[in-house]
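Remarks on the overall topology
Here is how the chains run, residue by residue.
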Amino acid sequence: MSFVEIDNLHINLGEFRLKGVSLSLDRGDYLTIIGPTGAGKTIFLESIVGFWRPDQGNIVLDGRELVNELPEKRHIGIVYQDYALLPHMTVYQNIAYGLKKHKPGNMDDAIRKMAGSLHIDHLLHRKPTTLSGGEQQRAALARVLIVEPALLLMDEPFSALDQQTRRRARLLLKEAIRDQTTTVIHITHDLDDAWALANKLAVFKDGRLLQLGALHEVFNRPNSRFVAEFVGTGFYRGTVVSRKNGSVAIDLGGTCLQSFDQADQGVPVDVAIRHEDIRVSRNKPAHANGFNVVKATLKNIVPEGSSSLLDLQADAIAMHALIPHRAMHRLNLHRGDDVYAWIRKEHVNIVQAG
Ligand SMILES: Nc1ncnc2c1ncn2[C@@H]1O[C@H](COP(=O)(O)OP(=O)(O)OP(=O)(O)O)[C@@H](O)[C@H]1O
């Protein structure tokens, strides 16, 4: 049995329902949950803590059934976006507050060690209202981590922090949980949280879990167009037209791509390609072994962080390529240019056949 087993969880809140969510996690797994607003991510997390009683289904943690257990007996820590520190207590007292209930005795060493690992040891005498957002979030993390929860739940813990503070908070969190083999479920709207912290990713929509898998699996092989669009992966419908030498040729509306994945000739398939796995050049390459090379027109350029998203039209299909600004600058691309898109055969993933 897995460390966390959630089976067919149903919760009916009238206007919103969680519909048969099942998942299992191993000890030490770090799961990030993503999904559009109102998908039920928070309700799901709160049902594990014990705020909502399921109408149906089971939650088992380390072999213990939780559904009938009081929230305070579940040994689960939760960290929110708004920190939830006790304002009349110092940081030290806030951290001690959680620990007192779990491990009475000499707590001072443990508090100072945890504060040190999250770089808030110089703030222990301060009240939460005098701290920056990043400092408050680290204090909130310390308060929860110090009791070494069997399961750590986090609901958008970094969303109020600026990019740089967020990066630092991620690193410190990673460091702080390394020794504890903490199992984590972390809701986020920032895919960088998933890349930096998680080994697993789940996508929720309308009260349902659409996909759960290893991080690279969900990004590279989304199981639906919705998941693909949510994680920034291209999703194309095609038909297998031939098979030879261990690869298949797939016709995507006039554009033919080869893949090392297998499917029968004549079968309709969905194909997933990560936007960053499409390279772009101005000239047709002389040697393109192992690559699919597709002639396309550049329809639009959308700057996105440190990259640009290129809308490419190749015959009947619209593709997206994510190109770092450095490469964009070198290529000197403009809307309307004719370009070549290169895609390695191993980056053409058949995700569904039939
Ligand atoms: N107590 C409640 N009674 C009825 N409906 C509720 C209750 N609490 C939340 N909801 C509804 O349940 C739905 C799911 O809410 P939830 O907070 O889980 O979404 P979410 O996926 O976490 O969204 P976000 O990304 O915006 O935080 C929403 O439509 C919300 O309005």
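Residues numbered from 1 in each chain as written. Predicted model: local features only at pLDDT ≥ 70, side-chain atom pairs only at ≥ 80, totals over all residues.

1. Focus on the overall build of the chain
What counts, and what does not: A run of H or I in DSSP becomes a helix once it reaches four residues, and a run of E becomes a strand once it reaches two; helices and strands are each numbered from the N terminus. Note on burial: count the other C-beta atoms lying within 10 Å of the residue's C-beta; 20 or more is buried, 12 or fewer is exposed, in between is partly exposed, and C-beta positions come from the backbone. Think of it this way: build a C-beta for each residue from its backbone, and any pair within 7 Å is a contact.
Each helix and strand counted, the chain has nine helices and 20 strands in total. The dimensions of the chain, computed from C-alpha atoms along their principal axes, are 70 × 45 × 40 Å. Of all 354 residues assigned to the chain, the portion counted as buried reaches 37%. At a minimum sequence separation of 6, the contacts of the chain that also span at least 24 residues come to 64%.

2. Focus on the domain arrangement of the chain
Our working rule: Reported domain spans reflect what an automatic or database domain assignment gives.
Per the domain assignment, the segments of the chain are domain 1 (4-220) and domain 2 (232-353). Spacing between the C-alpha centres of domain 1 and domain 2 amounts to 38 Å.

3. Quick word on the pairing of strand E8 (residues 183-187)
Two faces, one strand: in a regular strand the side chains alternate between the faces of the sheet. Stated precisely, the cut-off is as follows: By definition, two strands form a pair when at least two bridges between them are found by DSSP. When the strands point away from the viewer, a crossover counts as right-handed if the path from the first strand over the helix to the second runs clockwise.
Of all five residues in E8, five are buried; the element is thus mostly enclosed. With burial as the criterion, each face of E8 is covered, one bearing Thr183, Ile185 and Ile187 and the other bearing Val184 and His186. Across four bridges, strand E3 (residues 30-34) lies against E8 in parallel orientation. Its bridge partner being in E8, Tyr30 is matched across the sheet by Val184. In the sheet, strand E7 (residues 151-155) pairs with E8 via five bridges, with the strands oriented parallel. Its bridge partner being in E8, Leu153 is matched across the sheet by Ile185. For the crossover from E7 across helix H5 (residues 163-178) to E8, the handedness is right-handed.

4. Describing the confidence of the model for the chain
As a reminder of what qualifies: Per residue, pLDDT measures the predictor's confidence, with a range of 0 to 100.
Taken as a whole, the chain shows an average pLDDT of 91; of its residues, 99% reach a score of 70 or greater. Within the chain, the lowest mean pLDDT, 83, falls on helix H2 (residues 91-102), and the highest, 98, falls on strand E9 (residues 200-205). Across the predicted assembly, pTM comes out at 0.90 and ipTM at 0.93.

5. A look at H5
For clarity, the cut-off: By this rule, a helix spans an expected 1.5 Å times one less than how many residues it contains. Each C-beta atom gives one direction from the helix axis, and the arc is the one those directions make.
In a regular helix each residue adds 1.5 Å, so 16 residues correspond to 22 Å; H5 covers 23 Å between its end C-alpha atoms and thus fits that length. Along H5, the positions that sit buried rather than exposed are Arg166, Ala169, Leu173, Ala176 and Ile177. Along the axis of H5, the buried residues cluster in a sector spanning 90°; they form a single face. In H5, the exposed positions angled more than 90 degrees off the buried face are occupied by Gln164, Lys174, Glu175 and Arg178. Close packing links the buried residues of H5 with helix H3 (108-117), helix H4 (133-145) and E8.

6. Concerning the sheet that holds strand E2 (residues 17-25)
Spatial ordering of the open sheet is given by E2-E1-E4-E5, a layout of four strands whose pairing is antiparallel. The sheet is open, and its two borders are formed by E2 and strand E5 (64-65), each paired with just one other strand. Pairing between strand E1 (residues 4-12) and E2: seven bridges, direction antiparallel. Each residue of the ladder has a partner; that of Leu9, found in E2, is Val21.

7. Brief notes about the sheet that holds E9
How we decide: Here an axis means a line fitted to C-alpha atoms, over the contact stretch when the element is a helix, while the angle between two N-to-C directions is reported on a 0 to 180 degree scale.
The strand order across the open sheet built from six strands is E6-E7-E8-E3-E9-E10, with neighbouring strands paired in mixed fashion. Each edge of the open sheet is held by one strand with a lone partner, namely strand E6 (76-79) and strand E10 (208-214). If you compare each strand with its neighbour and ignore which way they point, the axes differ by 15° on average. Strand contacts of H4: E6 and E7, with the helix running at about 175° to E6, the strand carrying the most contacts.

8. Digging into the site of the ligand
Let me state the cut-off plainly: Only the C-beta atom, placed from the backbone, is used; a residue is near a molecule or strand if that atom lies within 6 Å of it. Each residue is assigned to one of three groups, with Ala, Val, Leu, Ile, Met, Phe, Trp, Tyr, Cys and Pro labelled nonpolar, Asp, Glu, Lys and Arg labelled charged, and all others, Gly among them, labelled polar.
Taken together, Leu13, Gly14, Glu15, Phe16, Gly35, Thr37, Gly38, Ala39, Gly40, Lys41, Thr42 and Ile43 form the complete shell of residues around the ligand. For the shell around the ligand, the per-class residue count stands at four nonpolar, six polar and two charged.

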